[in-house]
Amino acid sequence: MTINAMSERQSSLTEQINKRVQETSATIPVLGITIGEDRWLIPMSNISEILPVPKITPVFLTQPWFLGVINVRGNVYGLCDLSHYLDNTSTCISAKTRVFLTIPRLGVSYAMLAGSVLGIRNLMEFVPQSDHEDKRPVVAGIYKDRQDRLWRMLNLPALLQLESFQRAGS
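Residues numbered from 1 in each chain as written. Predicted model: local features only at pLDDT ≥ 70, side-chain atom pairs only at ≥ 80, totals over all residues. Heavy atoms only, no water.

1. Points about the environment of Arg105
Looking at the element boundaries, Arg105 is found in the loop between β6 (98-102) and β7 (110-114). It is 8.6 Å that separates the C-alpha atoms of Arg105 and Asn46, two residues lying 59 residues apart in sequence. With residues up to four places along the chain from it excluded, the contact list for Arg105 reads Ser45 and Asn46. (Helix = DSSP H or I, 4+ residues; strand = E, 2+ residues; numbered from the N terminus. Contact = heavy atoms within 4.5 Å.)

In structure tokens, the structure reads:
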């Protein structure tokens, strides 16, 4: 086999792999939630559980977005108000408010407060917006749904690695 033939074959294989990755990532189930006034998507592969807001035990001398800790079947999780962390607007806890737990393989077990849960969707239902202006590291992309509404993809691994997020203490 000549070098040109090998190069063409490698290029073809790379294209096939990229196409397969795009097809796979497009079929990822995502959870639709509200954070503040915005609609967000989170890959279900990053979430271990969704539950109503349990009793919150406050922790003093922490950031305003760190609401305290919760106990879920004997496991303690720090609880973050994502709306307050991202936009400095506190979530009003109501009957629709939910907590989702991050999966342990992200390195930290954390609980996140969502204004409401809008359901599990398939990412194929959304159209990626390449010209979006939101450059925050926690935004993995912006999408539009069939009703022309904007959705932000939450990059949970990036959020959990941010120094400002890791410093919940004042």
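Alright, that's what it looks like, and here's the rest.
2. A look at the sheet that holds β6
Spatial strand order, β3-β6-β7-β5-β4: 5 strands in an open sheet with mixed pairing. In this open sheet, the two strands that pair with only one neighbour each are β3 (47-52) and β4 (66-72). For this sheet, the mean angle separating the axes of adjacent strands, direction not counted, is 30°. (Pairing = 2+ DSSP bridges. Axes fitted to C-alpha atoms, helices over the stretch in contact; angles between N-to-C directions.)

3. Examining the packing of aromatic side chains
Taken as a whole and assessed by the stated rule, the structure comprises 7 aromatic pairs. Geometrically, the ring pair formed by Trp65 and Phe66 is edge-to-face, given 6.4 Å between the ring centres and 80° between the ring planes. Among the residues examined, Phe66 registers a relative accessible area of 12% and is labelled buried. Centroid distance Tyr110 to Phe165: 4.8 Å. Interplanar angle 50°. Geometry classified as tilted. Taken together, the positions of Tyr110 in strand β7 and Phe165 in helix α4 (residues 163-166) put the pair 55 residues apart, joining distant regions of the chain. Taking the relative accessible area as the measure of exposure, Phe165 reaches 2% and is therefore buried. (Phe/Tyr/Trp six-rings, centres within 6.5 Å; stacked < 30°, edge-to-face > 60°. Buried < 20%, exposed > 50% of the residue type's maximum accessible area, 1.4 Å probe, protein only.)

4. Some remarks on the side chain of His84
By secondary structure assignment, the location of His84 is in helix α2 (residues 82-87). Beyond its immediate sequence surroundings of up to four residues, His84 is in contact with Pro64, Trp65, Thr89 and Ser90.

5. Concerning the pairing of β7
β7 sits mainly inside the fold: 5 of its 5 residues count as buried. In terms of strand pairing, strand β5 (residues 75-81) meets β7 through 4 bridges, oriented parallel. In the strand pairing of β7, Asp81 is matched with Leu113. Note that β6 and β7 share 4 bridges and pair antiparallel.

6. A short note on the nonpolar core
Across soluble globular proteins, nonpolar side chains have a tendency to be buried as a group. Membership of the largest hydrophobic core comes to 25 residues, with the highest contact counts inside it found for Phe100, Tyr110, Met112 and Phe165. Secondary structure elements with two or more residues in this core: β1 (29-35), β2 (38-43), α2, β7, β10 (139-144) and α3 (156-161). Ignoring anything within four residues of it in the chain, the contact list for Phe165 reads Trp65, Cys80, Tyr85, Tyr110, Met112, Leu159 and Leu160. Among the nonpolar cores identified, the runner-up in size contains 9 residues, and Leu51, Ile70, Ala111 and Leu113 belong to it. (Core = buried A, V, L, I, M, F, W, Y, C linked by side-chain atoms within 4.5 Å.)

7. Points about the confidence of the model for the protein chain
For the protein chain, per-residue confidence averages 86 on the pLDDT scale, and 84% of positions sit at 70 or higher. Taken together, the stretch residues 16-24 has pLDDT below 50 and engages in 0 contacts with residues farther than four places along the chain or on a different chain. (pLDDT = per-residue confidence, 0-100.)

8. What to know about unusual backbone geometry
Within the chain, Asn88 stands out as a residue other than glycine whose phi angle is a positive 60°. When you line up the elements, Asn88 lands in the loop between α2 and β6. A relative accessible area of 59% means that Asn88 is categorised as exposed.

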